[in-house]
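Below are the chains, spelled out letter by letter.
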Amino acid sequence: MPALPPHRVVVLALDGVVALDLGTPAQVFGAARVTDRTRLYAVTTCTAGARPVRSTGGFRVLPDHDLDALDTADTVIVPGIHEGPPLTAGTVDADVADALRAAHERGARIMSICTGAFVLAAAGLLDGRPATTHWAYAARFRRLHPGVRLDPEVLFVDDGPVLTSAGVAAGIDLCLHVIRTDHGSAVANRAARRCVVPPWRDGGQAQYIERPVPRATATGTAATREWARHRLHEPVALREMAAHARMSVRTFTRHFRSETGLSPAQWLLRQRIEHARVLLETTDLSVDRIARDAGFGTTAALRQHFHARVGVAPTAYRRAFRAPLGSGQVGLPA
């Protein structure tokens, strides 16, 4: 079967674009490749009228494309901005709004990074939808767009054809999530490794809101988390984790939650689910064997926790993500 052309990602830059947000899609999606190094995504940048726009990095962006690029985009991404009518008045130029709505109506996936959500909301694409943006802009966003179900305490929101993310690094999290949805954990993990970032982050954005950063000490829980990751196939009790960290259970639990935003039990369950996902995607092991290897013990326990976390049964997940590349079947079944 001949290889399909790369998925076309178009980044729409507005004046005052956040420099890091602008570069994130090209960097992360550019790192997503199959084992033969074939690129899975092609990323281009456009502006209204192909005009130069200013960035927050003290340089101007000289795009190669105008809004016509959105006509053939498979995915459209709007990076964050630090100025302009979307932030001050909740409005966006009519030609930009029309181009975004047209892309959405013909089935393109629409994404925003950070305050790019203001642009999507101004174009009417977030009305009645769950969404997120940078927590520091939450009050302003709610004032300008009361019809959007804003949740500023998460890293990103996947609402099917429209996805939004929180500030800066959360754009990386969202891009990796999309790669994982499109092509599975193995491809997403390789892309993350190439970008030297974690494949996923534990906890939500709430842990980063106006809180002091814990002072790094030799008595943290990082070493114990790594120790536990290598023992997912075994029962790992809280007492054992605390003993490994040379702390009391109470002290360990307090440090653990401070560092991860989760209790040890919640964190361990997430690690087991993610390990089961990788095994379902990348091996032919039976579901019963995967249940044991991921530390659930029984198939029933795996099904219960997997469905609660991922939304589908393990077998349905495997059918969705084990489809051969180029077959056109990606993501979870409706």
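Everything numeric here is computed off the predicted structure, so don't read it as measured data.

(A) Layout of the side chain of glutamate 281. The topology assignment puts glutamate 281 in helix H11 (residues 264–282). At a separation of 2.4 Å, a polar atom in the side chain of glutamate 281 contacts the side chain of tyrosine 317.

(B) Layout of the nonpolar core. Counting 36 residues, the largest nonpolar core has Leu12, Leu70, Leu100, Leu120, Leu126 and Phe141 as the members making the most contacts within it. Broken down by secondary-structure element, the contributors of at least two residues to this core are strand S1 (7–12), strand S5 (75–78), helix H3 (94–105), helix H4 (116–122) and helix H5 (138–144). Contacts of leucine 100, omitting those with residues within four sequence positions, involve Leu12, Leu70, Val76, Val78, Ile110, Val119, Leu120, Ala123 and Leu125. One finds Leu40, Cys175, Ile179 and Ala191 within the second-largest nonpolar core, a separate group that totals 23 residues.

(C) Local environment of the packing of helix H8 (residues 222–229) against helix H10 (residues 249–260). At a minimum axis distance of 10 Å, the contact between H8 and H10 shows a crossing angle of 90 degrees. Between H8 and H10, the interaxial angle falls into the category roughly perpendicular. Here Ala222, Thr224 and Arg225 of H8 come into contact with H10, specifically with Phe252, Phe256, Glu259 and Thr260. Residue classes in the contact of H8 with H10 are distributed as three nonpolar, two polar and two charged.

(D) Representation of the confidence of the model for the protein within the structure. Here the protein averages 88 in pLDDT, while 89% of its residues score no lower than 70. Here residues 206–216 is modelled with pLDDT under 50, and outside its nearest four sequence neighbours on either side it reaches 14 contacts, counting other chains as well. Residue range residues 323–334 is modelled with pLDDT below 50. Its contacts to residues more than four positions away, or to other chains, number 19 contacts.

(E) Layout of the pattern of salt bridges. All chains considered together, the criterion is met by ten salt bridges. Here glutamate 83 ties to arginine 54 by a salt bridge, and the two come within 2.6 Å at their closest N and O atoms. Taken together, the residues glutamate 83 in the loop between S5 and helix H2 (85–88) and arginine 54 in strand S3 (residues 53–54) connect sequence positions 29 residues apart. For arginine 54, a relative accessible area of 36% translates into the label partly exposed. A salt bridge links arginine 229 to glutamate 226, with the nearest nitrogen and oxygen atoms 3.3 Å apart.

(F) Just the sheet that holds S5, in detail. Sheet architecture is open: six strands sit in the order S2-S1-S5-S6-S10-S9, paired in mixed fashion. Since the sheet does not close on itself, it has two edges, and those belong to strand S2 (41–46) and strand S9 (156–159), each with one partner. Each strand axis lies, on average, 15 degrees off the axis of its neighbour in the sheet, ignoring direction. On top of the sheet, helix H1 (residues 19–30) reaches S1, S2, S5 and strand S6 (109–112); it is set at about 165 degrees to S2, its chief contact. In the packing of helix H6 (residues 169–183) onto the sheet, the strands contacted are S2, S6, S9 and strand S10 (162–165), and the crossing angle to S10 comes to about 145 degrees.

(G) Highlighting H1. Across its twelve residues, H1 extends 17 Å between first and last C-alpha, which sits within 8% of the 16 Å expected from 1.5 Å per residue. Within H1, the full set of buried residues consists of Asp21, Leu22, Thr24, Pro25, Val28, Phe29 and Gly30.

(H) Just the packing of aromatic side chains, in detail. Inspection of the entire model under this criterion finds six aromatic pairs. For the pair phenylalanine 256 and tryptophan 267, a centre-to-centre distance of 5.5 Å together with 75 degrees between the ring planes defines the contact as edge-to-face. Linking phenylalanine 256 in helix H10 with tryptophan 267 in helix H11, this pair joins segments that are eleven residues apart in sequence. This pair shows no difference in class: phenylalanine 256 is buried, exactly as tryptophan 267 is. Between phenylalanine 306 and tyrosine 317 the ring centres are 5.3 Å apart and the planes differ by 75 degrees, which places this aromatic pair in the edge-to-face class.

(I) Just the pairing of S9, in detail. In this sheet, S10 lies alongside S9 in antiparallel orientation, the contact comprising four bridges. For valine 157, the partnering residue across the bridge sits in S10 and is threonine 164.

(J) Looking closely at the side chain of threonine 164. With respect to the element layout, threonine 164 can be found in strand S10. Setting aside its immediate chain neighbours within four residues, threonine 164 contacts Ser112, Ala117, Leu120, Leu126, Ala131, Thr132, Phe156, Val157 and Leu174.

(K) Quick look at a positive patch on the surface. Together, Arg37, Arg39, Arg190, Arg193 and Arg194 line one region of the surface with positive charge. In this fold, arginine 37 is placed in the loop between H1 and S2.

(L) Spotlight on the packing of helix H7 (residues 185–195) against H11. Closest axis-to-axis distance for the H7/H11 pair is 9 Å, and the angle between their directions is 115 degrees. As judged from the angle between their axes, H7 and H11 are roughly perpendicular. On the side of H7, the interface is formed by Ser185, Ala186 and Asn189, while H11 contributes Val278, Glu281 and Thr282. For the contact of H7 with H11, a count of residues per class yields two nonpolar, three polar and one charged.

Thresholds, definitions, all that
As a convention, each chain's residues are numbered from 1 in the sequence order in which they are written. Given that the model is predicted, a residue must reach a pLDDT of at least 70 before its local features are reported, and side-chain atom pairs must reach 80 or more before they are shown or counted; all residues, however, enter totals for whole chains, interfaces and linings. The side-chain values count all of the structure's non-hydrogen atoms but skip hydrogen atoms and water molecules. Each helix corresponds to a stretch of at least 4 residues labelled H or I by DSSP, and each strand to a stretch of at least 2 residues labelled E; elements are numbered beginning at the N terminus. Here a polar contact is taken to be a pair of N or O atoms separated by no more than 3.5 Å, where protein atoms must pair a possible hydrogen donor with a possible acceptor and residues adjacent in sequence count only if both atoms sit in side chains. Residues enter a nonpolar core if they are buried and are Ala, Val, Leu, Ile, Met, Phe, Trp, Tyr or Cys, with the set joined through side-chain atoms within 4.5 Å. Each residue is placed in one exposure class: buried if its accessible area under a 1.4 Å probe, protein chains only, is under 20% of its type's maximum, exposed if it is over 50%, and partly exposed if it falls in between. Here, residues are in contact when the closest pair of their heavy atoms is within 4.5 Å. Throughout, an axis means a line fitted to C-alpha atoms (over the contacting stretch in the case of helices), and angles, computed between N-to-C directions, take values from 0 to 180 degrees. An angle counts as roughly parallel when it lies under 35 degrees, as roughly antiparallel when it exceeds 145, as roughly perpendicular when it falls between 65 and 115, and as oblique in every other case. Here the term charged refers only to Asp, Glu, Lys and Arg, the term nonpolar to Ala, Val, Leu, Ile, Met, Phe, Trp, Tyr, Cys and Pro, and the term polar to all other amino acids, Gly among them. pLDDT runs from 0 to 100 and stands for how confident the predictor is about each residue. We define a salt bridge as a side-chain nitrogen of Lys or Arg found within 4 Å of a carboxyl oxygen belonging to Asp or Glu. The criterion for strand pairing is that DSSP finds at least two bridges linking the strands in question. Expected span of a helix, by definition, is 1.5 Å for each gap between consecutive residues, and there is one gap fewer than residues. Centres within 6.5 Å are what make two rings of Phe, Tyr or Trp a pair, Trp counting through its six-membered ring; a difference in plane orientation under 30 degrees is then read as stacked, over 60 as edge-to-face, and the rest as tilted. Two joining distances apply to patches: 9 Å for like charges and 5 Å for nonpolar side chains (Val, Leu, Ile, Met, Phe, Trp, Tyr), and every residue must have over 30% relative accessible area and no salt bridge. All accessible areas in this document rest on Shrake-Rupley with a 1.4 Å probe, and a residue is counted as covered only by the protein chains that are shown. Here the positive residues are Lys and Arg and the negative ones are Asp and Glu; neither His nor the chain ends is included. Every charge is mapped onto a representative atom, which is NZ of Lys, CZ of Arg, CG of Asp or CD of Glu.

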